[in-house]
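# Observations on chain architecture
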Amino acid sequence: MFKSTKEDFGKNSYIYTLENDKGLKIKLAEIGASITGIFFKDKNGKEIETAFGSDDIEFYTDNSKNGHMGATVGRVAGRTIGAKFKIDDNEYNITPNKSPDHTHGGIKGLSYVTFNSIQKKDNEVVFSYVSKDGEEGYPGNLNLIVKYEITNENEIIIDYIATTDKPTPLNIMNHSYFNLNGGGKINNHEILIDADYYLADNENGITSGEILKTKNTPYDFTSLKKVDEIIKAKNGCDNCFIFDDNDINKKRVQILSRDTNICLEVFTTKPSVLFYTANSLNNLKVRNQTLNKHEAFCLETQYLSCSLNYNHFPSIILYPDREYNHRTIYKFSLI
């Protein structure tokens, strides 16, 4: 059985709450097609806010407040060095919102616009948005659908479907911040990432283009290890980990807390995940607390960081005769 509510969120927009009878609840807003909270019951039956958000609409309309928290990010998530790219012989200049670079889709991107929504079932909401030709400098009219569904298996299924009338780059992901204890440091969380390769950074923390083996490095998460290890070794993680295929049935990430016994698994058709340990969080006010460094983590399923800058990375160009169709699943359980 599922329950759902639809409420006014302010500024002519709505917020939804979807809930199953197994202890999983998710809140979704039209602004940014955002996850504004994920709640799951721990080993003692206590409801834990496992992904953060706010009940204040200003948190989602002011990009200085929330750092894309819970939002749909794009058209191109991550960084585009120099805020420009080429498709065939045409060069495009996109918004240099992190001068001289472009990051997470621009000033508004997809994260701070209001999507339309429709709900036909208690366990799903479909959001849609038309990104006009030239928004943030991107070519083509982009028709985007983001669908959220919860299941009785405690899954949150996110589907991204898009078409365009001109060739355009597309790399869309969700930017939720998680903590399986509901707050405090994440150091004692344990994580596994099914990836033998990762993307290296340069001295400025920007993807260098090098694809390196994880084996015998602090970035080897192929067996469960405490997040504390990467925090001690590298002051945290903000790197892309590359999968060997796009099989949605393969568990790509597992992260768990032995304090609450909550476990989160990630499945995706995307070729990589960016694991971020909130190295830059500072005094961010969310629903029930204030978050600081290493008090949350992100698992951003996406194409490779800086894909528009490195020709040896898989192309992220969507053409008018094709459909962008990807799925990511967050699955919760108790260990």
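What counts and how
- Throughout, a residue's number is its position along its own chain's written sequence, starting from 1.
- Only residues with pLDDT of at least 70 are given local features in this predicted model, and only at 80 or more are side-chain atom pairs given and counted; all residues enter the totals for whole chains, interfaces and linings.
- Excluded from the side-chain calculation are hydrogens and water; included are all heavy atoms of the structure.
- Secondary structure elements are defined from DSSP: runs of H or I of at least 4 residues count as helices, runs of E of at least 2 residues count as strands, and each element is numbered from the N terminus.
- Computed with the Shrake-Rupley method and a 1.4 Å probe, the accessible areas treat only the protein chains shown as cover for residues.
- Lys and Arg are tallied as positive, Asp and Glu as negative. Neither His nor the chain termini are counted.
- Charge positions are represented by NZ for Lys, CZ for Arg, CG for Asp and CD for Glu.
- Strands are labelled as partners when DSSP assigns at least two bridges between them.
- In this analysis an axis means a line fitted to C-alpha atoms, helices contributing only their contacting stretch, and an angle means the value between N-to-C directions, from 0 to 180 degrees.
- Two aromatic rings from Phe, Tyr or Trp, using only the six-membered ring of Trp, form a pair when their centres are within 6.5 Å; if the ring planes differ by under 30 degrees the pair is stacked, by over 60 it is edge-to-face, and anything between is tilted.
- Relative accessible area decides the class of each residue, using a 1.4 Å probe on protein chains only: under 20% of the type maximum gives buried, over 50% gives exposed, and in between gives partly exposed.
- What makes a salt bridge here is a side-chain nitrogen of Lys or Arg within 4 Å of a carboxyl oxygen of Asp or Glu, nothing more.
- The contact rule is simple, with two residues in contact once any of their heavy atoms fall within 4.5 Å.
- For the purposes of this section, nonpolar cores are sets of buried Ala, Val, Leu, Ile, Met, Phe, Trp, Tyr and Cys residues that join through side-chain atoms within 4.5 Å.
- This arc is taken over the directions from the axis of the helix to the C-beta atoms.
- As used in this structure description, the phrase polar contact means that two N or O atoms lie within 3.5 Å; if the pair is within protein, one of them must be able to donate a hydrogen and the other to accept it, and residues adjacent in sequence are counted only when both atoms belong to side chains.

### Quick word on the overall build of the chain
Secondary structure assignment for the chain yields 3 helices and 29 strands. The C-alpha extent of the chain, read off along each of the three principal axes, is 60 × 50 × 40 Å. Carbon and sulfur atoms form 43% of the exposed surface of the chain, whose accessible area is close to 13900 Å². For the chain, the distance from the average position of its 39 positive side-chain charges to the average position of its 45 negative side-chain charges is 3 Å.

### Description of the sheet that holds strand 12 (residues 124–131)
Read across the open sheet, the 9 strands follow the order 11-12-13-14-29-23-22-17-20; overall the sheet is antiparallel. Bordering the open sheet on either side are strand 11 (116–121) and strand 20 (225–226), each of which pairs with just one other strand.

### Looking at the sheet that holds strand 24 (residues 272–276)
Across the sheet, which stays open at both edges, the 5 strands sit in the order 19-18-21-24-27 with antiparallel pairing between neighbours. With partners counted over all chains shown, the strands left at the sheet margins are strand 19 (207–213) and strand 27 (298–302), one partner each. Going across the sheet, the axis of each strand differs from the next one's by a mean of 30°, ignoring polarity. As paired strands, strand 18 (residues 197–201) and strand 21 (residues 238–242) are joined by 2 bridges and run antiparallel to one another. Residue Tyr-198 lies in a different strand from strand 21, and its bridge partner there is Phe-241.

### As for the pairing of strand 1 (residues 2–10)
Two strands pair when backbone bridges link them, and strand 1 and strand 2 (residues 13–20) are joined in this way by 8 bridges, in the antiparallel orientation. Along strand 2, the bridge assignment pairs Glu-7 with Ile-15. Linkage of strand 1 to strand 2, two consecutive antiparallel strands, is achieved through a turn of 2 residues, within which Lys-11 is found at a positive phi near 55°.

### Notes on the packing of aromatic side chains
Tallied over the full model, the rule gives 17 aromatic pairs. Judged by centre distance (6.1 Å) and plane angle (50°), the ring pair of Phe-9 and Tyr-60 falls under tilted. Note that Phe-9 is positioned in strand 1 and Tyr-60 in helix 1 (residues 57–61), a separation of 51 residues in sequence. An identical accessibility class is assigned to Phe-9 and Tyr-60; each is buried. Between the aromatic rings of Phe-59 and Tyr-60, the centroid separation amounts to 5.0 Å while the plane-to-plane angle is 75°, which identifies the pairing as edge-to-face.

### Points about unusual backbone geometry
Here the amide bond leading from Gly-74 into Arg-75 is cis, since omega sits at 15°, within 30 degrees of zero. Here Arg-75 lies in the loop between strand 6 (72–73) and strand 7 (79–80). Unusually for a residue other than glycine, Asn-216 sits at a positive phi of about 65°. When you line up the elements, Asn-216 lands in the loop between strand 19 and strand 20.

### As for the pattern of salt bridges
Overall, the coordinates contain 18 salt bridges when judged by the stated rule. Between Asp-194 and Arg-252 there is a salt bridge, and its shortest N-O distance comes to 2.8 Å. One end of the pair, Asp-194, is in the loop between strand 17 (190–193) and strand 18; the other, Arg-252, is in the loop between strand 21 and strand 22 (253–256), with 58 residues separating them in the sequence. Note on Asp-194: relative accessible area 31%, which makes it partly exposed. What makes Arg-252 buried here is its relative accessible area of 0%. Ionic pairing is found between Glu-229 and Lys-225, a salt bridge with its closest N-O pair at 3.9 Å. Note on Glu-229: relative accessible area 45%, which makes it partly exposed. Overlapping salt bridges bring together Asp-194, Asp-244, Asp-245, Lys-250 and Arg-252 as one network.

### Concerning the environment of Thr-80
In this fold, Thr-80 is placed in strand 7. In sequence terms Thr-80 and Thr-222 are 142 residues apart; their C-alpha atoms lie 29 Å from each other. Apart from the residues within four sequence positions on either side, Thr-80 is in contact with Ile-94, Asp-101, His-102, Leu-308 and Asn-309.

### Things to note about the nonpolar core
One finds Ile-156, Ile-193, Phe-241, Phe-275, Leu-299 and Phe-332 to be the most contacted residues of the largest nonpolar core, which totals 66 residues. Not counting the four nearest positions on each side in its chain, Phe-275 is found in contact with Ile-191, Ile-193, Phe-221, Val-227, Cys-237, Asp-238, Asn-239, Phe-241, Phe-297, Cys-298 and Leu-299.

### Focus: helix 3 (residues 227–234)
Buried within helix 3 are the following residues: Val-227, Asp-228, Ile-230 and Ile-231. Along the axis of helix 3, the buried residues cluster in a sector spanning 165°; they form a single face. Where the residues of helix 3 are buried, they touch strand 17, strand 20, strand 22 and strand 24. Once helix 3 finishes, Asn-235 follows within two positions and takes phi at roughly 60°, a positive value.

### Brief notes about the side chain of Asn-179
Mapped onto the secondary structure, Asn-179 falls in the loop between strand 16 (173–174) and strand 17. Residue Asn-179 is classed as buried on the basis of its relative accessible area, which comes to 0%. At 3.5 Å, the side chain of Asn-179 forms a polar contact with the backbone oxygen of Gly-183.

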